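One letter stands for each residue in the lines below.
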Amino acid sequence: MMNTGDDIIIKVGDETELLEAVTQSAAESLPIEVTGSGSRRQFGRPVDGGRRLDLSGLDGITMYEPDELVLTAKAATPLATILQELDKHNQILAFDPVLGGDSLANAMGTIGGVLASNLSGSRRLTAGAARDYLLGFKAVSGRAELFQSGSRVMKNVTGYDLSKLMAGSWGTLAIMHEVTIKTMPKPETSASLLYACADAMEARSVIEAAFASPHEPSAAAMIPASLAVYSSHQPFSDFARTGMVAVIRLEGFETSVKARSDALYAMTEKTPVVTDHALSDALQAEIRETRLMPRQNNRVIWKINCPPAEGGELLDKLIARPNCRGYADWGGGLIWLSSPSGQQAGATAIRALVSDYGGEAMLHEAPEGMRRTLPVFHPQPKPLEALTRRIKSSFDPLGILNPGRMIAGI
Amino acid sequence: MEMPIPNAEVIERREAIAADLLSILGPEGVIDDKNAMSPFESDGLNAYRQSPLVVALPATTEEVSRVLKYCQENSLKIVPRGSGTSLSGGALPLADGVLLGLSRMNRILEIDYENRAVVTQPGVTNLAITNAVEGKGFYYAPDPSSQIACSIGGNVAENSGGVHCLKYGLTTNNLLGLEMVTMDGEILRLGGKRLDNHGYDLIGIMTGSEGLLGIVTEVTVRILQKPAIRKALLIGFDSVTRASQSVGDIIAKGIIPAGMEMMDRPAIQAAEDFVNAGYPRDADALMIVELDGPEAEVLSLCGRVEEIVRGNGATSIRISETEEERVLFWAGRKSAFPAIGRISPDYLCMDGTIPRRQLSEILTRMERMSNEFGLRVANVFHAGDGNLHPLILFDANNEGEFERAEAFGAAILKACVELGGVLTGEHGVGVEKRDLMGEMFTEVDLKQQQRLKCAFDPDHLLNPGKVFPTLHRCAELGRLHVHKGQMPHPDLPRF
């Protein structure tokens, strides 16, 4: 890592030590870089200087009541621990977190990191984002004060909903040390329907028809054949000669998935390939984990949010750019784009195009130096940035928590 | 209920202020006649009344911005109001405050079926959104019981829920975008039709902020495809414990019903007397379980639910055969409030949430409190998410009974917090639960929330006197004393 100088690491094991560490940093006005497992250091803007506060000792599930759909864990509990425990009770995190590994046991990162970066997987289109599942938290603010918000119940409007603010704030407002999340039942089974289409516009219309039906897809993606060939699974790689594959995923109870799959099959003139449960999950993992995107040294990966219905046209335009490749998840609402890293990764042109379609582009995977000099997140209008600064300052007046992690200078 | 002391100087300037507002909004946008202002004196919590300084009714975002700027420059307080259906006094006027009504901003601006989005002005009612899209088979999921009257802007302010929250979430889970105006008149656009947004989740923090952070001038909501079918099960039990056990068992089996409601004996009887929905009068607890979705799924789940409740000793089970029957099953539950209104001159509706497994415990405690306070209580609740609505029966004509009912209500909410729950599940804090906030939050927690308010409204001009029991000046809240290696507040208990 750059700019850490002497690279001091402070490891804390409980909230008392956490509070002491923040108090000390506040007293000396020294910035802190907050990490759990450190897996998210490769994303977002790198923190500007500072000692590293390692939370990995804050580990463990402290309460889990499956029939109440609620779990409380210390913030740096590995995502793998949580997902495996949920799986024992046939439950999941419905927002479908990106695992960064090939199994639940190999999932990377911590629950605090997943929530702080508000990163959701393919089911986000229908099940909501990570932020929708954070019910309450305990934290230390940049003022070196322990505080809490929310609770363990799902219906709660007592005071401001600070959980929403914490999710996606990348540790810049306060350091969560305990989180309470809503869990959901694991779908009994799933099936995916794969449709060969000419281009993203056509794929999008197949997806639109499925979502306009009463057959309740849970996720949908558009994969260019040139990327589908990278799949390790044959039905996908078989689509090599078509332009674009539309993937529609169904999940739920066995009887329901069967009935809906039959109904969708009969609904269009196109004949889809229908997968079984295991294959459906395997393909979904490849889509969620961006495994269909080859990684190369001189390329960056953009994560683009846009209105789902614009996703077809926008994807067609983005991948028509020189040397750009990409695919869409969230029914079109999320585009993963790989572009050459030269000429500032084409940031200005890509962001202008994305803005035209009502979207935002995040520089998701890029060398550290580039994530420091180019804005990682879509630049905000001035009045919004001013409000962002005031909010930051209301939690962290000295600017010691993860300074610059989202926006340079904040 | 103590409210901030009105500023006599402002009240003296009333006519001049009304004239200034008139120049901004024109004659249709200002009401300053005392009699004409009387409908604005209270909201759904009508035990409290106060005539506002003047009523301002802007018709556009620009007008909202100009009014706020004017008020900021002249240090005038603002109380925002949608349809005035708040049950917690969120729109209770201030004698020295401008009541800002959004009712003239009542147009749906855009329906975008492909993006499942409706863009609307804040004064449109919740139900009007569903009405506008149901022809094409869509609906807007949050359905507070006041949905025929409550506005979508008010829903955002209160983070309104309804009977389908377990499966479909509250308002906060169904929003895509907002346009808002901050107290200094700045117009901000948040989100849009995309699913996720960069930067701090300001839509999330605006939702449920009870009009203390800004004025919402446009809302983009997510609409959903209507489920293929809906079926309801009407299930009687001879004990609340068995009913409560069944709720947990259904969820533990991986079933998330669209709605799961429960009523206790007094509520069942009052409702049955009122609408004759065929409720079992001899049951101690009644559950309504609604399942929605693809036909094959709903039919199979009806069977699974029936099996679970039979195993828990249900004394009666009916499954709706037709849509009319399903609506009839709900009719009793939906008219529970007026039904109670028939058997008691007055009632207070409370709104705590508890972890579901504490249901028997809270009902036992309520029964004991009912004897102590000498007042009857009937219970309807959203069993799936643990949200209770105890209805405390009283007669305001009897000296001291309103105060006793309020004390009973406060005792119930304190018990909810003690059992791991919260003061309010969907009605908001407002003025009603303001002074109970200390039961749930420490002084540090509350000050942090107020610091956030300072980022939006440093002079405390937006809806002061609501939500927070003590108003701290922002300069005082912002102070930070850190000495080397010392706690900023050594006098406070740390854990």
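Note that this is a predicted model, so its numbers are computed, not measured.

**Side note on the overall build of chain B**
Right, on to step 1. Within chain B one finds 17 helices and 18 strands.
Right, on to step 2. Radius of gyration (C-alpha) of chain B: 24 Å, near the 23 Å computed for a compact globule of 495 residues.
Right, on to step 3. With the C-alpha coordinates of chain B rotated into their principal frame, the extents come out at 65 × 60 × 55 Å.
Right, on to step 4. The long-range share in chain B, meaning contacts at least 24 apart out of those at least 6 apart in sequence, stands at 71%.
Right, on to step 5. Approximately 18,200 Å² of chain B is accessible, and the part contributed by carbon and sulfur atoms is 48%.

**Notes on the interface of chain A and chain B**
Right, on to step 1. Each partner contributes residues to the interface: chain A has 90 residues there, and chain B has 96 residues.
Right, on to step 2. In total, chain A and chain B occlude about 7,700 Å² of area from one another, counting both sides; carbon and sulfur atoms represent 58% of this.
Right, on to step 3. The largest per-residue losses of area from chain A upon contact with chain B belong to Lys 155, Val 157 and Tyr 160 of chain A, which jointly make up 13% of the total buried on that side.
Right, on to step 4. The interface formed by chain A and chain B holds eleven salt bridges in total.
Right, on to step 5. Note that Arg 304 of chain B is salt-bridged to Glu 188 of chain A, the shortest N-O span being 3.3 Å.
Right, on to step 6. At the boundary of chain A and chain B, one finds 38 residue pairs in polar contact (both at pLDDT 80 or more).

**What about the state of the cysteines?**
Residue and element names in this part refer to chain B.
Right, on to step 1. A complete count under the given rule lists one disulfide over all chains for this structure.
Right, on to step 2. Between the sulfur atoms of Cys 454 and its disulfide partner Cys 474 the distance amounts to 2.0 Å. Linking Cys 454 and Cys 474, the disulfide has an S-S dihedral of approximately -90 degrees and is accordingly described as left-handed. Residue Cys 454 is found in helix 16 (residues 443-456), and its partner Cys 474 is found in helix 17 (residues 474-478); the two are separated by 20 residues along the sequence. Cys 474 carries the same exposure label as Cys 454, and that label is buried.
Right, on to step 3. In this structure Cys 165 is not part of a disulfide, and its nearest cysteine sulfur, from Cys 150, lies 12 Å away.
Right, on to step 4. Exposure remark for Cys 165: the relative accessible area of 6% places this residue in the buried category.
Right, on to step 5. Distance from the sulfur of Cys 349, which forms no disulfide, to the nearest cysteine sulfur (Cys 416) is 12 Å.

**Some details on helix 11 (residues 311-319) of chain A**
Note: α-helices contain 3.6 residues per turn, so residues at a spacing of three or four share the same orientation.
Right, on to step 1. Buried within helix 11 of chain A we find Gly 311, Gly 312, Leu 314, Leu 315 and Leu 318 of chain A. Each buried residue of helix 11 of chain A lies within a common arc of 165 degrees when the element is viewed along its axis, so the set occupies one face.

**Examining the sheet that holds strand 15 (residues 316-319) of chain B**
Residue and element names in this part refer to chain B.
Right, on to step 1. Pairing in this open sheet of seven strands is antiparallel, and the strands run 15-12-14-13-17-18-16 from one edge to the other. One side of each edge strand has no neighbouring strand; the edge strands of this open sheet are strand 15 and strand 16 (346-349). Ignoring which end each strand starts from, the neighbouring axes of this sheet average 15 degrees apart.
Right, on to step 2. By the bridge criterion, six bridges tie strand 13 (residues 259-264) to strand 14 (residues 285-293) in an arrangement that is antiparallel. Within strand 14, the position partnered with Met 262 by the bridge is Met 287.
Right, on to step 3. Packed onto the sheet, helix 10 (residues 295-311) meets strand 12 (229-237), strand 14 and strand 15 and runs at close to 5 degrees relative to strand 12.
Right, on to step 4. Along the sheet face, helix 14 (residues 401-418) touches strand 16, strand 17 (377-382) and strand 18 (387-394) and points at about 160 degrees away from the line of strand 18.

**Description of the side chain of Thr 183 of chain A**
Residues and elements named next belong to chain A.
Right, on to step 1. Within the element layout of this structure, Thr 183 appears in the loop between strand 9 (174-182) and strand 10 (184-185).
Right, on to step 2. Taking the relative accessible area as the measure of exposure, Thr 183 reaches 0% and is therefore buried.
Right, on to step 3. In this structure the side chain of Thr 183 is engaged in a polar contact, spanning 2.7 Å, whose partner is the side chain of Gln 91.

**Notes on the pattern of salt bridges**
Right, on to step 1. For the structure shown, the criterion picks out 58 salt bridges over all chains.
Right, on to step 2. Residue Asp 112 of chain B pairs with Lys 193 of chain B through a salt bridge whose shortest N-O separation is 3.0 Å. One end of the pair, Asp 112 of chain B, is in strand 5 (residues 108-112); the other, Lys 193 of chain B, is in the loop between strand 9 (187-191) and helix 7 (202-206), and 81 residues separate them in sequence. Neither residue differs from the other here; Asp 112 of chain B and Lys 193 of chain B are each classed as buried.
Right, on to step 3. The residue Asp 292 of chain B makes a salt bridge to Lys 167 of chain B at a minimum N-O spacing of 2.6 Å. One end of the pair, Asp 292 of chain B, is in strand 14; the other, Lys 167 of chain B, is in helix 6 (residues 165-168), and 125 residues separate them in sequence.
Right, on to step 4. On the basis of relative accessibility, which here comes to 4%, the residue Asp 292 of chain B falls in the buried class.
Right, on to step 5. Shared partners join several salt bridges into a network, and the residues in it are Glu 65, Asp 67, Glu 68 and Arg 152 of chain A together with Arg 357 of chain B.

**Structural notes on the domain arrangement of chain A**
The figure often quoted for interface size is the accessible area lost as the parts come together.
All names here are of chain A.
Right, on to step 1. If you check the domain split of chain A, you get domain 1 (1-186 + 380-410), domain 2 (189-288) and domain 3 (299-373).
Right, on to step 2. One C-alpha centre belongs to domain 2, the other to domain 3; they are set 23 Å apart.
Right, on to step 3. Contact with domain 2, which involves 16 residues of that partner, is made by 16 residues of domain 3.
Right, on to step 4. Regarding the contact of domain 2 and domain 3, the summed buried area is about 1,200 Å², with carbon and sulfur atoms giving 56% of it.
Right, on to step 5. When the buried surface of domain 2 facing domain 3 is broken down by residue, Arg 204, Met 222 and Leu 227 rank first, second and third, together holding 37% of it.
Right, on to step 6. In this structure, the connection of domain 2 to domain 3 is made through zero salt bridges.
Right, on to step 7. For the pair domain 2 and domain 3, the interface holds seven residue pairs in polar contact (both at pLDDT 80 or more).

Rules used throughout
- Numbering of residues starts from 1 in every chain and runs along the sequence as written.
- Ligands are numbered from 1 and chains lettered from A, in the order in which they are written.
- In view of the model being predicted, local features appear only for residues whose pLDDT reaches at least 70, and side-chain atom pairs are presented and counted only at 80 or more, with totals across whole chains, interfaces and linings using the full set of residues.
- Only heavy atoms go into the side-chain values, all of them from the structure, while hydrogens and water stay out.
- Helix numbering and strand numbering both begin at the N terminus, where a helix is a DSSP run of H or I of at least 4 residues and a strand a DSSP run of E of at least 2.
- In this treatment the radius of gyration is a C-alpha quantity, and the globule benchmark scales as 2.2 Å times the residue count to the 0.38 power.
- Pairs of residues are marked as contacts when any of their non-hydrogen atoms sit within 4.5 Å.
- Only the protein chains shown count as cover for residues, with accessible areas throughout obtained via the Shrake-Rupley method and a probe of 1.4 Å.
- When two parts are put together, the accessible area they lose, computed with a 1.4 Å probe and summed over both, is reported as buried area.
- Salt bridges, as used here, are contacts in which a Lys or Arg side-chain nitrogen is within 4 Å of a carboxyl oxygen on Asp or Glu.
- Under the rule applied, a polar contact is a pair of N or O atoms within 3.5 Å (in protein, one hydrogen donor and one hydrogen acceptor; residues adjacent in sequence only if both atoms are side-chain atoms).
- The disulfide definition used here is simple: a pair of cysteine sulfur atoms within 2.5 Å.
- The buried label applies to any residue whose accessible area, calculated with a 1.4 Å probe on protein chains only, is under 20% of its type's maximum; exposed applies above 50%, and partly exposed to all values in between.
- The arc refers to the directions leading from the helix axis to the C-beta atoms.
- The pairing criterion for strands is at least two bridges between them, as found by DSSP.
- Every axis corresponds to a line fitted to the C-alpha atoms, with the helix fit spanning only the stretch in contact, and the corresponding angles, defined between N-to-C directions, vary from 0 to 180 degrees.
- As used throughout, domain bounds are those supplied by an automatic or database domain assignment.

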